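# Architecture at a glance
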Amino acid sequence: MRDARFERVVLRRANLRRAFVPDFAARLTGTTVTDVGRRAKHLVLALSSGDTLLIHLGMTGDFRVESPALEGEPAPADPGTHDHVVFQMSSGFVVTFNDPRRFGAMDLMTAVTYARHPTLSSLGPEPLSEAFTDGVLAAACARRRTALKPALLDQRIVAGLGNIYAVEALHRAGLSPLRKASTIATPTGKPRPTATRLVAAIKAVLNSAVERQLRPEYRSARFRVYDREGEACPTRGCDGRIRRVVQAGRSTFYCATCQR
DNA sequence: ATTGAGACCTGTCGGC
DNA sequence: TGCCGACAGGTCTCAA
């Protein structure tokens, strides 16, 4: 996408999440992608116009990239049922945004609205960055009264962790999702050993998830505790069973025996 | 201010 | 077989 220009933008459905600016297609057409980045779960495309195209894939969002020019096809195939936006790029590629459940979002923002974006501007550190340390996590959790697991889903504490990996990280760290978030910090906000373990577990879980995505043969592997209610706990030497509880409206899976 | 519940959306799955 | 409700995900909005 980088250095490619939007030659044609087709909005096949006007009511995706986040209100599209009225002239979405017109403002995008003719601009060039100068940079492609990511922040938390958002895809960030910097444009030559100074605008920023912010994209969130939700849970079922996906991009399909086709190259009619290379394949000698005159036009892209018939759009599928959930093809919501089609980008014809100057590079010859046709990039189609497909999102069956429509939890994805696309927003075209000016420099000012992007800088003041309420969610982006208050995001916590990237979990795989050096900025995400036990000290930072402990300080962020110290005065929270919520349980630990809902705190991990708060993007202001750590950016980009979702329900599944929060669950997996807590299991890996041997920490109960039900304990108060503040228990991983001392009264003065310093990290306890539990905070150190949790940060290491989050990084490990995310790194192995990335690795798995890069290795097709492992992609179908299931998670260790997520969606395994009633099954034996996979922890070595643990004879517990995986339980399911609901916290803040989301499913939590954990082992009450080895997660304390 | 912090927290949680509800809404959004639709494909899938379990139960009758 | 077919229908129907429950459920999953991330984030925004609203209310306690």
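In what follows, the structure referred to is the one given above.
Here is a short report on the structure shown in this document. Source: prediction; values computed, not measured.

Moving on: the side chain of Asn163. Mapped onto the elements, Asn163 comes out in helix H6 (residues 163–173). Setting aside residues no more than four positions away along its own chain, Asn163 makes contact with Lys149, Leu153, Tyr226, Arg250 and Ser251.

Quick look at the packing of aromatic side chains now. What the rule picks out here adds up to five aromatic pairs. Here the aromatic rings of Phe6 and Phe87 are separated by 5.2 Å at their centres, their planes lie at 65°, and the arrangement is edge-to-face. Here Phe87 lies in strand E6 (residues 83–89) and Phe6 lies in strand E1 (residues 6–11), a separation of 81 residues in the sequence. Exposure class is identical for Phe6 and Phe87. Each is buried. Aromatic pair Tyr226 and Phe253: ring centres 5.3 Å apart, planes at 75°, arrangement edge-to-face. Separated by 27 residues along the polypeptide, Tyr226 in the loop between helix H7 (193–214) and strand E9 (242–247) and Phe253 in strand E10 (residues 250–255) bring together distant segments of the chain. Overall, the relative accessible area of 22% leaves Tyr226 in the partly exposed class. Judged by relative accessible area, which is 5%, Phe253 ranks as buried.

A few words on H7. Over its 22 residues, H7 runs 32 Å from end to end, which matches the ideal 32 Å to within 8%, given 1.5 Å per residue. The inward-facing, buried residues of H7 contact helix H4 (134–141), helix H5 (148–153) and H6.

Let us now look at the pairing of strand E8 (residues 105–109). In terms of burial, E8 is largely enclosed, as five of its five residues are buried. Pairing of strand E4 (residues 52–56) with E8 involves five bridges; the strand directions are antiparallel. Paired with His56 across the bridge in E8 is Ala105.

Residues in close proximity to DNA strand B include Arg17, His82, Pro100, Arg101, Arg102, Phe103, Arg144, Arg145, Thr146, Ala248 and Gly249, which together make up its full environment. What you see for DNA strand B is that sugar and phosphate hold 72% of its atoms within 4 Å of the protein. Arg101 is positioned such that a nitrogen or oxygen atom in its side chain is 3.4 Å from a base oxygen of DNA strand B. Arg144 places a side-chain nitrogen or oxygen 2.5 Å from a phosphate oxygen of DNA strand B. Residues that form the surface near DNA strand B fall into these classes: three nonpolar, three polar and five charged.

Further remarks concern the layout of surface pockets. Estimated volume of the largest pocket: approximately 2200 Å³. For the largest pocket, the lining is made up of 43 residues, of which Lys41, His56, Gly58, Gly160 and Gly162 are closest to its centre. The set of elements that each furnish at least two residues to the lining of the largest pocket consists of strand E3 (42–47), E4, strand E5 (62–66), E8, H6, H7 and E10. Considering each element in turn, the lining of the largest pocket owes the most residues, five residues, to H7. No fewer than three residues from each of domain 1 (6–122) and domain 2 (134–255) sit in the lining of the largest pocket.

This next bit is on a nonpolar patch on the surface. Residues Leu128, Val210 and Leu214 make up a contiguous nonpolar surface patch of about 300 Å² in total accessible area. With respect to the helices and strands, the residue Leu214 is situated in helix H7.

Once that is clear, we can look at the packing of H4 against H7. Look at H4 against H7: their axes get within 9 Å of each other, and the N-to-C directions meet at 115°. Between H4 and H7, the angle is such that the two are roughly perpendicular. Remark: the crossing between H4 and H7 carries right-handed chirality. Contacts between H4 and H7 pair Asp134, Leu137 and Ala138 from the former with Ala195, Thr196, Leu198 and Val199 from the latter.

What surrounds DNA strand C is a group of 16 residues, the closest being Arg17, His56, Met59, Tyr226 and Arg250. Atoms of DNA strand C within 4 Å of the protein: sugar and phosphate make up 52%, bases the balance. At 2.9 Å, a side-chain N or O of Arg101 approaches a base nitrogen of DNA strand C. At a separation of 2.8 Å, a phosphate oxygen of DNA strand C approaches a polar side-chain atom of Thr119. Sorting the residues of the surface near DNA strand C by element identifies H6 and E10 as the ones contributing at least two each. Class assignment of the residues belonging to the surface near DNA strand C gives a composition of four nonpolar, six polar and six charged.

With antiparallel pairing, four strands are arranged side by side in an open sheet as E2-E3-E4-E8. The open sheet has two free edges, formed respectively by strand E2 (33–39) and E8, since each of these has just one partner strand. Across this sheet, the average inter-strand angle for adjacent strands is 15°, counted without regard to direction. Sheet topology note: the E2/E3 ladder contains six bridges and is antiparallel. Paired with Arg38 across the bridge in E3 is Leu43.

Cut-offs applied
- Residues numbered from 1 in each chain as written.
- Chains lettered and ligands numbered in written order.
- Predicted model: local features only at pLDDT ≥ 70, side-chain atom pairs only at ≥ 80, totals over all residues.
- Heavy atoms only, no water.
- Helix = DSSP H or I, 4+ residues; strand = E, 2+ residues; numbered from the N terminus.
- Contact = heavy atoms within 4.5 Å.
- Phe/Tyr/Trp six-rings, centres within 6.5 Å; stacked < 30°, edge-to-face > 60°.
- Buried < 20%, exposed > 50% of the residue type's maximum accessible area, 1.4 Å probe, protein only.
- Expected span 1.5 Å × (residues − 1).
- Pairing = 2+ DSSP bridges.
- Near = heavy atom within 4 Å.
- Polar contact = N/O pair within 3.5 Å; in protein donor to acceptor, adjacent residues only side chain to side chain.
- Nonpolar A, V, L, I, M, F, W, Y, C, P; charged D, E, K, R; others polar.
- 1 Å grid on protein atoms, 1.4 Å probe; cavity = no way out; pocket = protein on both sides within 12 Å on 5 of 7 lines; lining within 4 Å.
- Points joined across faces, edges and corners; volume = space filled by probe spheres on them.
- Domains from an automatic or database assignment.
- Patch = residues over 30% accessible without salt bridge, like charges linked within 9 Å, V, L, I, M, F, W, Y side chains within 5 Å.
- Areas by Shrake-Rupley, 256 points an atom, 1.4 Å probe, with all protein chains shown as cover.
- Salt bridge = Lys/Arg side-chain N within 4 Å of Asp/Glu carboxyl O.
- Axes fitted to C-alpha atoms, helices over the stretch in contact; angles between N-to-C directions.
- Parallel < 35°, antiparallel > 145°, perpendicular 65-115°, else oblique.
- Left-handed = near helix turned anticlockwise from the far one by under 90°.

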